[in-house]
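Residue-level structural notes
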Amino acid sequence: MKRYYNILVIAMMAMMSMAFSSCEDQNIAMDLEGTWEGYTHMQSYYGGRYYNSTYSYVDFSTDPFRFTSGKGHWVDYYSGAPWDYIANHIEWRVKDRVIEIYFVEDDYTLYIDNYRLSDSHFTGRVYWNKSTDFTFDLVHTSSPRWDHYHYGYNYYAPGKDGKAPERPQRVLK
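Residues numbered from 1 in each chain as written. Predicted model: local features only at pLDDT ≥ 70, side-chain atom pairs only at ≥ 80, totals over all residues. Heavy atoms only, no water.

Digging into the packing of aromatic side chains
On inspection of all chains with the given rule, the structure shows 13 aromatic pairs. Judged by centre distance (5.8 Å) and plane angle (85°), the rings of Y39 and Y55 are edge-to-face. Taken together, the positions of Y39 in strand β1 (residues 34-39) and Y55 in strand β3 (residues 49-63) put the pair 16 residues apart, joining distant regions of the chain. You can call Y39 partly exposed: its relative accessible area is 44%. Assessed through its relative accessible area of 30%, Y55 is described here as partly exposed. In this structure an aromatic cluster arises from ring pairing among W36, Y115, F122 and F136. (Phe/Tyr/Trp six-rings, centres within 6.5 Å; stacked < 30°, edge-to-face > 60°. Helix = DSSP H or I, 4+ residues; strand = E, 2+ residues; numbered from the N terminus. Buried < 20%, exposed > 50% of the residue type's maximum accessible area, 1.4 Å probe, protein only.)

Structure representation (structure tokens):
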């Protein structure tokens, strides 16, 4: 009987730790929701050259049925590149305090696990893979509009001739 009691206590402790982790993830997701603007220091490779972003816009909208995940947009603006900006639809989630951001059009995931997040400021490091990371510094500029969820961004800007060029690839050196 004592053995079953010990197993029950261990199972309850595991469930409680998962519940507390879930609450913390929900709080992070709620703080993350909205529009953030600033510098992510992204790079893109196109035509044999690397281009550095000069400004970024990131929008996080929470899934109404899953409080720790959602969708949004990530737009990087460039100066001196053959395009003005590169935009992606993103799918994001918070799991065990790690923010995972999946870039839909480019089919890759970034991880943010070393960050500071407040109501107005979001800074930290983004990890592309085990050997590549970069810093970001974003300011919260708006909260979500609850009356609509329509996203109308183009994936990337057309070239000067009006035709859609080959899509640049974001990279980290």
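What about unusual backbone geometry?
Phi angles above zero are rare outside glycine, and H41 is one such case at about 60°. Here H41 is to be found in the loop between β1 and β2 (43-46). Since its relative accessible area comes to 46%, H41 is described here as partly exposed. Positive phi values are uncommon outside glycine, yet D96 reaches one of about 55°.

Quick word on the nonpolar core
Formed by 29 residues in total, the largest nonpolar core has its most connected members in I99, I101, L110 and F122. Secondary-structure elements contributing two or more residues to this core are α1 (2-32), β3, β4 (66-78), β5 (85-95), β6 (98-103), β7 (108-117), β8 (121-129) and β9 (132-142). The contact partners of F122, leaving out residues within four places of it in the chain, are L32, W36, I99, I112, Y115, R116, L117, F136, D137 and L138. (Core = buried A, V, L, I, M, F, W, Y, C linked by side-chain atoms within 4.5 Å. Contact = heavy atoms within 4.5 Å.)

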